[in-house]
Amino acid sequence: MTDWVTISALATAGGTLVLAAATFASVRSANRAARVAEESLLAGIRPLLIPSRPQDRAEKIGFADGHWVMAPGGGGTVEVTSEAIYLTMSLRNAGSGIALLHGWRFDPQRVLGPADHPPVEEFHRLTRDLYIPAGDVGFWQGTFRDPTEDAFVQASKALESRDAVTIDLLYGDHQGGQRVISRFSLMPRDEDGWLAAASRHWNVDRPDPR
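Here goes a summary of the coordinates provided. On a predicted model such as this, the values are computed, not experimentally measured, just so you know. (Residues numbered from 1 in each chain as written. Predicted model: local features only at pLDDT ≥ 70, side-chain atom pairs only at ≥ 80, totals over all residues. Heavy atoms only, no water.)

### Focus on the overall build of the protein
Check the secondary structure of the protein and you find two helices and eleven strands. Listed by position from the N terminus, the elements making up the protein come as α-β-β-β-β-β-β-β-β-α-β-β-β. Counting across all 210 residues of the protein, residues that qualify as buried make up 38%. Pairs at least 24 apart in sequence give 64% of the contacts found in the protein among residues at least 6 apart. Accessible surface computed for the protein: about 11900 Å², of which carbon and sulfur atoms make up 56%. (Helix = DSSP H or I, 4+ residues; strand = E, 2+ residues; numbered from the N terminus. Buried < 20%, exposed > 50% of the residue type's maximum accessible area, 1.4 Å probe, protein only. Contact = heavy atoms within 4.5 Å. Areas by Shrake-Rupley, 256 points an atom, 1.4 Å probe, with all protein chains shown as cover.)

### Thoughts on the packing of aromatic side chains
Each aromatic ring pair is specified by the distance between its two centres and by the angle formed by the two planes. Under the criterion given, the structure shown has four aromatic pairs. Pairing W104 with W140 gives two aromatic rings, centres 5.5 Å apart and planes at 65 degrees, and the pair type is edge-to-face. Highlighted residues: W104 in strand β6 (residues 99-107) and W140 in strand β8 (residues 137-144), separated in sequence by 36 residues. Taken together, a centroid distance of 5.5 Å and an interplanar angle of 80 degrees make the contact between F106 and F144 edge-to-face. Of this pair, F106 sits in strand β6 while F144 sits in strand β8, and the two are 38 residues apart along the sequence. One cation-aromatic arrangement involves K60 over W68; the distance from NZ or CZ to the ring centre is 5.2 Å. Above the ring of W194, the side-chain terminus of R162 is found at 4.9 Å from the ring centroid. (Phe/Tyr/Trp six-rings, centres within 6.5 Å; stacked < 30°, edge-to-face > 60°. Lys NZ or Arg CZ within 6 Å of the ring centre and 35° of its normal.)

### A closer look at the nonpolar core
Among the nonpolar cores identified, the biggest contains 35 residues, and M89, F106, W140, L159 and L169 are the most heavily contacted of them. Among the elements that make up this core, the one with the highest residue count is strand β5 (residues 85-93) (five residues). (Core = buried A, V, L, I, M, F, W, Y, C linked by side-chain atoms within 4.5 Å.)

### Focus on the pairing of strand β10 (residues 180-189)
In summary, the side chains of a regular strand alternate between the two faces of the sheet. The buried fraction of β10 amounts to eight of the ten residues, a majority that puts the element mostly inside the structure. Sheet topology places strand β9 (residues 165-172) next to β10; seven bridges connect them, and they run antiparallel. Along β10, the bridge assignment pairs L169 with S182. Taken together, β10 and the strand that follows it, strand β11 (residues 193-203), pair antiparallel across an intervening segment of three residues, in which D190 is found at a positive phi of about 50 degrees. (Pairing = 2+ DSSP bridges.)

### Some thoughts on the side chain of R46
Positionally, R46 belongs in the loop between α1 (4-44) and β1 (49-51). A polar contact is formed between the side chain of R46 and the side chain of Q178, at a distance of 2.7 Å. (Polar contact = N/O pair within 3.5 Å; in protein donor to acceptor, adjacent residues only side chain to side chain.)

### Points about the environment of Q175
Position of Q175 relative to the elements: it lies in the loop between β9 and β10. Once the C-alpha coordinates of Q175 and A99 are considered, the two residues, 76 residues apart in sequence, prove to be 9.4 Å apart.

### A word on the side chain of N203
One can find N203 in strand β11. Of note is the side chain of N203, whose polar atom sits 3.0 Å from the backbone oxygen of P207. Residues in contact with N203, not counting those within four places in the same chain, are H117, R179, V180, D208 and P209.

### What about unusual backbone geometry?
Although it is not a glycine, R162 sits at a positive phi angle of roughly 55 degrees. Following the sequence through the fold, R162 ends up in the loop between α2 (150-160) and β9. Unusually for a residue other than glycine, Q178 sits at a positive phi of about 50 degrees. Among the structural elements, Q178 can be located in the loop between β9 and β10.

### Focus: the environment of G97
Structurally, the position occupied by G97 is in the loop between β5 and β6. G97 gets classed as buried once you look at its relative accessible area, which sits at 4%. Measuring from C-alpha to C-alpha, the distance between G97 and P133 comes to 7.0 Å, with 36 residues separating the pair along the chain.

These figures capture arrangement, not role.
Now the structure itself:
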């Protein structure tokens, strides 16, 4: 005698299993599509800073104390006084999103070779927000203002000797995410000019591509 109750139960169970498998595949596909869409959106607002080109326009840069300089394309400026050290660098945003600069870190020598990025806690926060549009030029500026600090003394010695120095910049997209640390060098050029060069980029909030 045919056990229709058992057959019905098995058919229901089979149908439920098929529905569950279809639902799982649909959810997985939707999640994959959402991740692709999110990555595409983030890539569209992702900045990447490099030195500007020598033919780029010079940037007029003012400091809080009324001091002004002109940073040339492809380079930067260095001015050392008894009360302050003024540093600038002309930059180009090679990424597809607006760059928002968060902070900077100075090393009185040129740092080369592979290494982990310095801790975010070591960066000096900028006193004002600096934005660099996608595909356009902008600038970075920093100062040392306490002659009694070791950092001031070390920076003063290196810059007055016209040694190549390292400047690490911390920045991200205009929403504050996708932070990157880019390592730049300022190197002496001719009598009093300084040439900018980039050597390394690290992702802070995302896996590194290498």
